[in-house]
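If you want the building blocks of each chain, they are given just below.
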Amino acid sequence: MNGKYIIGIDLGGTKISGAISTFDGKIIYKKSIDTLSSQGPERVTGRILGHIKHLIEYVKADKDEVSGIGIASPGPLNIEEGVIVETPNLPFRNYPLIKTVERETGIKAYLENDANAAALGELWFGAGRGSKNFIYMTVSTGIGGGIVINGDIYHGHTGNAGEFGHMTVEPHGPRCNCGNYGCLEVMSSGTAIARIANERLKAGEDSLLRNCEKVTSKEVFEYASKGDKLSCEVVDYTMNYLGIGTANLVNAFDPELIIIGGGVSKAGDALFSRVKNVVSKRCFEIMAKSVKIIPPGLSTDAGLVGALAVIMSKYNSAD
Ligand SMILES: [Zn+2]
């Protein structure tokens, strides 16, 4: 199967982003529309189908020229069955999205977890090009990831491998949204950084952060770089846990690369230097020295490019 075009759909709680590209992934046309999640599963599916039709019509293609549709969605998912099991910001519950899309479009479609899709995006078009074994971690409001082994995603037995955000890094830590305590996500995500800083401000500690209207992880990193004591301590504290999580991954997988993306990774060296430092302390020297801990190659449209890469990986092997 080697048609002229492929389609990528990045399904989010607020936006449905879509792109049609050449078979080797050059985007010809892309457009986002509102998800309108509150309208329910049938209406949202209708919007996805309408968007796919629009992409095909815009480039004056015939649907037979489209090799496949990659759909990236938040999980948990049943990848094999193409079913969205449940996701907090979308109306789908045990919803057979792929069967519906294939029936209505006549085009083969594939579902992939959005973090795995981003990992495939890095493999085909980003910092993972030329590398066959790496870990992709995304640190934003939550923490997720993807495991690339031999140039393909490792899905695990139930298809949900790569939930790095929910590995326990602090047994006595606060409760996570998943119900467990002290998950990496509740210790070092963007949400966690903001929460910890705000708790300390509320407790009356002195900090330049008091000048900010709203304190998010961005402000904490910004004021840490200016030497604000509280901000520095919060960055040290949370990035130590991110380092522990990363060190656990290095010890488990001995990967060539660990790519850390997501909004929090935009803090740059403040994040990477701390994480590398913990890895060098907690891992065997041979692995700590060889692993490269780096930012992603893709920034804008990472989700969309990932959705296209889902199809790339179905019909090609990354050499
Ligand atoms: Zn958790």
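Note that the structure is a prediction, hence the values are computed from the model and not measured.

1. Some details on the sheet that holds strand β2 (residues 15–22)
Then step 1. Here we have five strands laid out as an open sheet, ordered β3-β2-β1-β4-β8, and mixed in their pairing. Whereas interior strands pair on both sides, the edge strands pair on one side only; in this sheet they are β3 (27–34) and β8 (109–113). Ignoring which end each strand starts from, the neighbouring axes of this sheet average 15° apart.
Then step 2. Two strands pair when backbone bridges link them, and strand β4 (residues 66–73) and β8 are joined in this way by five bridges, in the parallel orientation.

2. Regarding the packing of aromatic side chains
Then step 1. Inspection of the entire model under this criterion finds four aromatic pairs.
Then step 2. Aromatic pair Tyr29 and Tyr58: ring centres 3.6 Å apart, planes at 10°, arrangement stacked. Highlighted residues: Tyr29 in strand β3 and Tyr58 in helix α1 (residues 41–58), separated in sequence by 29 residues.
Then step 3. Note on Tyr29: relative accessible area 13%, which makes it buried.

3. Structural notes on the pairing of β2
Then step 1. Along β2, six of the eight residues are buried, which leaves the element largely enclosed by surrounding structure.
Then step 2. Bridge count for strand β1 (residues 5–11) against β2 is seven bridges, and the pairing is antiparallel. Looking at the pairing, Ile9 lines up with Gly18 of β2.
Then step 3. Here β1 folds back onto β2 in antiparallel fashion, the turn holding three residues.
Then step 4. Strand direction decides the pairing type here: β2 and β3, joined by seven bridges, are antiparallel. Looking at β3, one finds that Lys15 is bridged to Asp34.
Then step 5. Hairpin remark: β2 followed by β3, antiparallel, with four residues in the connecting loop; positive phi at Gly25, about 95°.

4. With respect to the pattern of salt bridges
Then step 1. Tallying each qualifying case throughout the model produces 14 salt bridges.
Then step 2. Close ionic contact of Lys30 with Asp301 constitutes a salt bridge, the shortest N to O distance being 2.4 Å. With a gap of 271 residues between them, Lys30 in strand β3 and Asp301 in the loop between β13 (292–294) and α10 (302–315) connect regions that are remote in the sequence.
Then step 3. Look at Lys30 and you get partly exposed, because its relative accessible area is 43%.
Then step 4. Classification of Asp301 as partly exposed rests on a relative accessible area of 30%.
Then step 5. Through salt bridges that share partners, Arg200, Glu205, Lys229 and Glu233 make up one connected network.

5. Thoughts on a nonpolar patch on the surface
Then step 1. Together, Ile149, Tyr154 and Phe253 give the surface a local cluster of nonpolar side chains, amounting to about 260 Å² of exposed area.
Then step 2. By secondary structure assignment, the location of Tyr154 is in the loop between β11 (152–153) and α4 (184–188).

6. Side note on the coordination of the zinc ion
Then step 1. Note on the zinc ion: its protein donors are His166 (ND1), Cys176 (SG), Cys178 (SG) and Cys183 (SG). The metal-donor distances range over 2.0 to 2.4 Å.
Then step 2. The site at the zinc ion holds four donor atoms, and with the angles between them running 105 to 121°, its shape is tetrahedral.
Then step 3. Binding-site remark: the zinc ion is held by donors from one chain whose sequence spacing is H-x9-C-x1-C-x4-C. With His166 in the loop between β11 and α4 and Cys176 in the loop between β11 and α4, this residue pair connects regions lying ten residues apart in the sequence.
Then step 4. Of the residues examined, Cys176 reaches a relative accessible area of 6% and is grouped as buried.

7. Quick notes on the domain arrangement of the protein
Then step 1. Here the protein is described as being made up of domain 1 (5–112) and domain 2 (127–294).
Then step 2. Measuring from the centre of the C-alpha atoms in domain 1 to the corresponding centre in domain 2 gives 30 Å.
Then step 3. Between domain 1 and domain 2 lies a buried interface of about 250 Å² when both sides are counted; carbon and sulfur atoms form 41% of it.
Then step 4. Counting the surface domain 1 buries against domain 2, the share from its top three residues, Leu77, Ile79 and Glu112, is 83%.
Then step 5. The interface formed by domain 1 and domain 2 includes zero salt bridges.
Then step 6. Where domain 1 meets domain 2, there are one residue pair in polar contact (both at pLDDT 80 or more).
Then step 7. Residue classes in the side of domain 1 that touches domain 2 are distributed as three nonpolar, no polar and one charged.

8. Overview of the side chain of Glu219
Then step 1. As for its placement among the helices and strands, Glu219 is situated in helix α6 (residues 217–225).
Then step 2. Within polar-contact distance, the side chain of Glu219 engages the side chain of Thr216 at 2.5 Å.
Then step 3. Not counting the four nearest positions on each side in its chain, Glu219 is found in contact with Leu209, Cys212 and Lys214.

Cut-offs and rules
- Residues numbered from 1 in each chain as written.
- Predicted model: local features only at pLDDT ≥ 70, side-chain atom pairs only at ≥ 80, totals over all residues.
- Heavy atoms only, no water.
- Pairing = 2+ DSSP bridges.
- Helix = DSSP H or I, 4+ residues; strand = E, 2+ residues; numbered from the N terminus.
- Axes fitted to C-alpha atoms, helices over the stretch in contact; angles between N-to-C directions.
- Phe/Tyr/Trp six-rings, centres within 6.5 Å; stacked < 30°, edge-to-face > 60°.
- Buried < 20%, exposed > 50% of the residue type's maximum accessible area, 1.4 Å probe, protein only.
- Salt bridge = Lys/Arg side-chain N within 4 Å of Asp/Glu carboxyl O.
- Patch = residues over 30% accessible without salt bridge, like charges linked within 9 Å, V, L, I, M, F, W, Y side chains within 5 Å.
- Areas by Shrake-Rupley, 256 points an atom, 1.4 Å probe, with all protein chains shown as cover.
- Donors = N, O, S within 2.8 Å, 3.2 Å for Na, K, Ca; no water.
- Tetrahedral: all angles 85-135°; square planar, octahedral: opposite > 155°, others 65-115°.
- Domains from an automatic or database assignment.
- Buried area = accessible area lost by both parts, 1.4 Å probe.
- Polar contact = N/O pair within 3.5 Å; in protein donor to acceptor, adjacent residues only side chain to side chain.
- Nonpolar A, V, L, I, M, F, W, Y, C, P; charged D, E, K, R; others polar.
- Contact = heavy atoms within 4.5 Å.

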